[in-house]
Amino acid sequence: MAADIPLAQSALGSDRKVALLLGRGNYLCLRKLHRQQLLGLFAEAEAAARQRALFEAAPRLKRGERSELDFDYPEPEWRRVASSPEACAGSGCPFAGECFFQRARRRALAAELVITNHALLLSDVILRSEGAAVLPDYRYLVTDEAHRLEGVATDQFSRRASLGRLRGLVAELFLPSRRTGSLAGAVAVKVLDGEELGERFSKIIAAAEGHFALLHAELGPGGEREERILTKPCVVEAELDVRLRETAGWLEELAEGTAEGDALDLAGAARLLDGFRADLAGLQQRRWEGFVYWADGLHDAARLRLHAAPIHVGPILGDGLWSLAETKVATSATLTVGGDFSYLSSRLGFPSGGELLLEPAFDFAAQAALYLPRLPDPREAGYR
């Protein structure tokens, strides 16, 4: 996409300032990368080699996006070096002037046209509801492939909790057996006692295993793919909630008065644990109005997952997205049902009026061909 912008500007003869802005997790965090490289936090040889390759490649990156890398970087390892709000030092970061995400944001703030994807557009809606923002204010909004917006919005505004998600979160924070994770640096410089941290996390996982076993017993068994609507709150003992709350509070206390890099990692970990705790409590208590609640993975307590999703995203989009722009346009090849826009307009909360239905410009008869090869029957003797 970034390479297409100059090409389009050249074809159109335009000199307008255009910027591409992706979700924060697409950008490399130089503070995280240098910290991990300095402390040697990747224990496995292959992971350490990839980190060295990334460290050497970082000065050559133009935008700092993962897509710029010419080698594979596994998702779990990328999350440990990717930009994230809970571990951002802002203007106090030693790499503030070089920060790839902040540079992308500055380009977006100075641009006349900002190109982004549905996910970041809707993340901005969530942030604005909390008094923040990632996109600059805008007067004009053009949303392409708008038929996909409802699904993306439903996913963005949904809540989820599972034992697997908590295990993954704990492993990202600190894995005692490998001494890896975002908190490994604080352990390496003795801000954190690795044994105490490992013990606390072990108790959290043990409490979570018991918690989801009780949830599974309350909901009753089911098949691997069975989904069951939850019509009433789930009543489960509070040990897991207490463990999460206590550990998050302990990390926040340790963050006070420590060096900035360690303080960011500690406070960020506390927010992640507290975020999981809040999601789980909200799911069990059916806390959000206008949401549907369900469970799946009912065949096994370890695979049990709780979900909540908005029944109708139209009001959320109407108030939080379309109202921000003076002029809004939603385009797609599939916005109508029988030539009528009303169904999708209601689902998206899009203001009525100003619809325009155009005939397809693609000449299928002249520009498309259908080939139906005759494949041999697999039971024939000559089939291979």
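Structural data are supplied above this passage.
Given the structure is predicted, the values throughout are model-derived calculations rather than measurements.

1. Considering the overall build of the protein chain
Working step 1: Assigned secondary structure in the protein chain consists of 15 helices and eight strands.
Working step 2: With the principal axes as the frame, the protein chain shows a C-alpha extent of 70 × 65 × 55 Å.
Working step 3: Counting only residues that meet the buried cut, the protein chain has 40% of its 384 residues in that class.
Working step 4: Within the protein chain, residue pairs in contact and separated by at least 24 positions form 68% of the contacts whose partners lie at least 6 positions apart.
Working step 5: Element-wise, carbon and sulfur atoms account for 53% of the exposed surface of the protein chain, whose accessible area totals about 21700 Å².
Working step 6: Distance between charge centres in the protein chain, computed from 46 positive and 54 negative side chains, equals 2 Å.

2. Digging into the pattern of salt bridges
Working step 1: Applying the stated criterion across every chain, the model contains 27 salt bridges.
Working step 2: Here Glu 112 and Arg 16 are joined by a salt bridge, their closest N and O atoms 2.8 Å apart. Taken together, the positions of Glu 112 in the loop between helix H5 (100-110) and strand E2 (113-115) and Arg 16 in the loop between helix H1 (4-12) and strand E1 (18-20) put the pair 96 residues apart, joining distant regions of the chain. Here the two residues Glu 112 and Arg 16 agree in accessibility, since each one is exposed.

3. A word on helix H6 (residues 118-129)
Working step 1: Its twelve residues place the ends of H6 17 Å apart at the C-alpha level, agreeing with the 16 Å of an ideal helix rising 1.5 Å per residue.
Working step 2: All of the buried residues in H6 are His 118, Leu 120, Leu 121, Leu 122, Asp 124 and Val 125.
Working step 3: The secondary structure elements touched by the buried residues of H6 are strand E3 (140-143), helix H7 (149-156) and helix H13 (314-320).

4. Quick look at the layout of surface pockets
Working step 1: When its volume is computed, the second largest pocket comes out at roughly 780 Å³.
Working step 2: Of all elements in the fold, only E2, H6 and E3 reach the threshold of two or more residues within the lining of the second largest pocket.
Working step 3: At four residues, the largest contribution of residues to the lining of the second largest pocket is made by E3.
Working step 4: Among the residues making up the lining of the second largest pocket, the classes are represented as 16 nonpolar, four polar and five charged.

5. With respect to the nonpolar core
The nonpolar side chains of a soluble globular protein tend to be buried with one another.
Working step 1: With 49 residues, the main nonpolar core has Leu 21, Leu 28, Leu 54, Trp 78, Leu 122, Leu 317 and Leu 321 as its most contacted residues.
Working step 2: Among the secondary structure elements, those contributing two or more residues to this core are E1, helix H2 (30-39), H5, H6, H7 and helix H14 (342-348).
Working step 3: With residues up to four places along the chain from it excluded, the contact list for Leu 54 reads Leu 28, Leu 33, Leu 69, Phe 71, Tyr 73, Trp 78 and Val 81.
Working step 4: By size, the runner-up hydrophobic cluster in this structure holds 47 residues, among which are Leu 166, Phe 201, Ala 255 and Ala 263.

6. A closer look at the environment of Arg 50
Working step 1: Positionally, Arg 50 belongs in helix H3 (residues 45-57).
Working step 2: Sequence separation of Arg 50 and Thr 180 is 130 residues, and the distance between their C-alpha atoms is 15 Å.
Working step 3: Beyond its immediate sequence surroundings of up to four residues, Arg 50 is in contact with Phe 71, Asp 72, Tyr 73, Pro 74 and Glu 77.

7. Topic: the packing of aromatic side chains
Working step 1: Following the criterion strictly, the structure yields seven aromatic pairs and no others.
Working step 2: Centroid distance Trp 322 to Phe 350: 4.8 Å. Interplanar angle 80°. Geometry classified as edge-to-face. Taken together, the residues span a long stretch of sequence, with Trp 322 in the loop between H13 and strand E8 (327-330) and Phe 350 in the loop between H14 and helix H15 (364-367) at a distance of 28 residues. A single burial state applies to Trp 322 and to Phe 350, both of which are buried.
Working step 3: Considering the side-chain rings of Phe 362 and Phe 364, the 4.8 Å spacing of their centres and the 65° angle between planes classify their relative orientation as edge-to-face.

8. Comments concerning unusual backbone geometry
Working step 1: Of note, the phi angle at Glu 145 is positive, near 50°, even though the residue is not glycine.
Working step 2: For Glu 145, a relative accessible area of 32% translates into the label partly exposed.

9. Looking at the packing of helix H10 (residues 194-219) against helix H11 (residues 239-255)
Working step 1: The interhelical angle for the contact between H10 and H11, taken along N-to-C directions, is 155°, at an axis separation of 8 Å. As far as their axial angle goes, H11 and H10 are roughly antiparallel. In the crossing of H10 with H11, the sense of the turn from one axis to the other is left-handed. Residue-level contacts link Glu 196, Leu 197, Arg 200, Phe 201, Lys 203, Ile 204, Ala 207, Ala 208 and His 211 of H10 to Glu 239, Leu 240, Arg 243, Leu 244, Glu 246, Thr 247, Trp 250 and Leu 251 of H11.
Working step 2: Of the residues in the contact of H10 with H11, the class split is nine nonpolar, two polar and six charged.

Here is what the cut-offs are and how they apply
- Residues numbered from 1 in each chain as written.
- Predicted model: local features only at pLDDT ≥ 70, side-chain atom pairs only at ≥ 80, totals over all residues.
- Heavy atoms only, no water.
- Helix = DSSP H or I, 4+ residues; strand = E, 2+ residues; numbered from the N terminus.
- Buried < 20%, exposed > 50% of the residue type's maximum accessible area, 1.4 Å probe, protein only.
- Contact = heavy atoms within 4.5 Å.
- Areas by Shrake-Rupley, 256 points an atom, 1.4 Å probe, with all protein chains shown as cover.
- Lys, Arg positive; Asp, Glu negative; His and termini not counted.
- Charge placed at Lys NZ, Arg CZ, Asp CG, Glu CD.
- Salt bridge = Lys/Arg side-chain N within 4 Å of Asp/Glu carboxyl O.
- Expected span 1.5 Å × (residues − 1).
- 1 Å grid on protein atoms, 1.4 Å probe; cavity = no way out; pocket = protein on both sides within 12 Å on 5 of 7 lines; lining within 4 Å.
- Points joined across faces, edges and corners; volume = space filled by probe spheres on them.
- Nonpolar A, V, L, I, M, F, W, Y, C, P; charged D, E, K, R; others polar.
- Core = buried A, V, L, I, M, F, W, Y, C linked by side-chain atoms within 4.5 Å.
- Phe/Tyr/Trp six-rings, centres within 6.5 Å; stacked < 30°, edge-to-face > 60°.
- Axes fitted to C-alpha atoms, helices over the stretch in contact; angles between N-to-C directions.
- Parallel < 35°, antiparallel > 145°, perpendicular 65-115°, else oblique.
- Left-handed = near helix turned anticlockwise from the far one by under 90°.

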